[in-house]
Amino acid sequence: MTPFPRVPIVPADEDWMRTALELAQRAEEAGEVPVGAVLVRGDERIGQGWNRPIGSHDPTAHAEIVALREAGRRMANYRLVETTLYVTLEPCIMCVGAIMHARIKRLVFGAPDARCGAVASAVHLADADFLNHALQYTGGVLEESCSALLRRFFRQKR
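Residues numbered from 1 in each chain as written. Predicted model: local features only at pLDDT ≥ 70, side-chain atom pairs only at ≥ 80, totals over all residues. Heavy atoms only, no water.

Student: Please clarify how the overall build of the protein should be interpreted in this entry.
Tutor: The number of helices and strands found in the protein is 5 helices and 5 strands. Its helices and strands in sequence order give the protein the pattern α-β-β-α-α-β-α-β-β-α, from N to C terminus. The C-alpha atoms of the protein give 14 Å as radius of gyration, which agrees with the globular expectation for 158 residues (15 Å, within 12%). Considering only C-alpha atoms, the protein reaches an extent of 40 × 35 × 30 Å along its principal axes. The burial tally for the protein puts 51% of its 158 residues in the buried class. Accessible surface computed for the protein: about 7900 Å², of which carbon and sulfur atoms make up 54%. Of the charged side chains in the protein, 19 are positive and 19 negative, and the gap between their average positions amounts to 3 Å. (Helix = DSSP H or I, 4+ residues; strand = E, 2+ residues; numbered from the N terminus. Rg over C-alpha atoms; globule rule 2.2 N^0.38 Å. Buried < 20%, exposed > 50% of the residue type's maximum accessible area, 1.4 Å probe, protein only. Areas by Shrake-Rupley, 256 points an atom, 1.4 Å probe, with all protein chains shown as cover. Lys, Arg positive; Asp, Glu negative; His and termini not counted. Charge placed at Lys NZ, Arg CZ, Asp CG, Glu CD.)

Student: Explain the environment of Ala12 to me, please; I cannot follow it from the model alone.
Tutor: In this structure, Ala12 sits in the segment before helix 1 (13–29). Classification of Ala12 as partly exposed rests on a relative accessible area of 30%. Counting along the chain gives 11 residues from Ala12 to Leu23, while the straight-line C-alpha distance between them is 17 Å.

Student: What is the right way to read the nonpolar core from this model?
Tutor: Within the largest apolar cluster, 44 residues are counted, with the highest numbers of intra-cluster contacts made by Leu39, Leu85, Ile104, Leu107 and Val119. Those elements giving two or more residues to this core turn out to be helix 1, strand 1 (36–41), strand 2 (44–50), helix 3 (63–75), strand 3 (84–89), helix 4 (93–102), strand 4 (106–111) and helix 5 (143–157). By residue number, the principal contributor to this core is helix 1, which donates 7 residues. (Core = buried A, V, L, I, M, F, W, Y, C linked by side-chain atoms within 4.5 Å.)

Student: I keep staring at the layout of surface pockets and nothing clicks. Help me out?
Tutor: One way to see where empty space is left: roll a probe the size of a water molecule over the atoms. Estimated volume of the largest pocket: approximately 520 Å³. For the largest pocket, the lining is made up of 23 residues, of which Val33, Leu89, Asp113, Leu150 and Phe154 are closest to its centre. If you list the elements that add at least two residues to the lining of the largest pocket, you get helix 2 (53–56) and helix 5. The element that contributes the greatest number of residues to the lining of the largest pocket is helix 5, accounting for 4 residues. Looking at the second largest pocket, its volume works out to about 150 Å³. (1 Å grid on protein atoms, 1.4 Å probe; cavity = no way out; pocket = protein on both sides within 12 Å on 5 of 7 lines; lining within 4 Å. Points joined across faces, edges and corners; volume = space filled by probe spheres on them.)

Student: What should I look at first to understand the packing of aromatic side chains in this one?
Tutor: Aromatic ring pairs are described here by two measures, namely the spacing of the ring centres and the angle between the planes. One pass over the structure, following the stated rule, counts 2 aromatic pairs. Centroid distance Trp16 to Tyr86: 6.4 Å. Interplanar angle 25 degrees. Geometry classified as stacked. Of the two residues, Trp16 is situated in helix 1 and Tyr86 in strand 3; the sequence distance between them amounts to 70 residues. Both rings, one in Phe153 and one in Phe154, keep their centres 5.1 Å apart while their planes meet at 80 degrees; by these two values the pair is edge-to-face. Overall, the relative accessible area of 5% leaves Phe153 in the buried class. For Phe154, a relative accessible area of 34% gives the class partly exposed. The positively charged end of Arg52 is found above the aromatic ring belonging to Trp50, 3.9 Å away from the centroid. (Phe/Tyr/Trp six-rings, centres within 6.5 Å; stacked < 30°, edge-to-face > 60°. Lys NZ or Arg CZ within 6 Å of the ring centre and 35° of its normal.)

Student: Please clarify how helix 3 should be interpreted in this entry.
Tutor: Think of an α-helix as 3.6 residues a turn; residues three or four steps apart then line up on the same face. Here helix 3 is 13 residues long and its end C-alpha atoms lie 18 Å apart, about the 18 Å a rise of 1.5 Å per residue gives. Every buried residue belonging to helix 3 is among Ala63, Glu64, Ile65, Val66, Ala67, Leu68, Ala71 and Gly72, and all of these are buried. For helix 3, the elements touching its buried residues are strand 1, strand 2, strand 3 and helix 4. Downstream of helix 3 by a residue or two, Ala76 has a phi angle that is positive, lying close to 55 degrees. (Expected span 1.5 Å × (residues − 1). Contact = heavy atoms within 4.5 Å.)

Student: Please clarify how the sheet that holds strand 2 should be interpreted in this entry.
Tutor: Strands pair in a sheet through their backbones, by hydrogen bonds, and they do so in one of two ways: parallel or antiparallel. An order of 2-1-3-4-5 is seen for the 5 strands of this open sheet, with the pairing classed as mixed. Edge positions in the sheet fall to strand 2 and strand 5 (136–139), since each of these pairs with one other strand and no more. Here the strands of the sheet are splayed against their neighbours by 15 degrees on average, with no regard to which way each runs. Bridging between strand 1 and strand 2 involves 6 bridges; their strand directions are antiparallel. Paired with Arg41 across the two strands is Glu44, which belongs to strand 2. Across the face of the sheet, helix 3 comes into contact with strand 1, strand 2 and strand 3 while running at roughly 140 degrees to strand 2. (Pairing = 2+ DSSP bridges. Axes fitted to C-alpha atoms, helices over the stretch in contact; angles between N-to-C directions.)

Nothing here speaks to function; it is geometry throughout.
This is the structure in structure tokens:
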């Protein structure tokens, strides 16, 4: 497992990450980069998404953004406090910005993204002291399964 600063894994983390992996497979079936996300409050799923930028002609339609939008509509609020976001790939700068603005309490991701990861890999936005929200995060949950899905997808594209 990749060493990340982390909050402890809770028992449901792997279960929710498996759900995010199922959503990532939907993205793959649609020809999108296979990333899935699930937003949870307590033990209730309040939003979910998978990558859709190609099919929706929307550069912001990353799995995390799709899940946050669904949850915001469902909760009738753009502040999604006391929630945990599970995503199969470490979020990019755009997605970390949205996560912070939504006041997500905790982020759990699977595969690190050495090139574009904005939580703890390429950029460390989750630890930036200029932001007015503190995000707890855990990386590497089901990392091998999440990474294998991405490797297979890109190997087939080449």
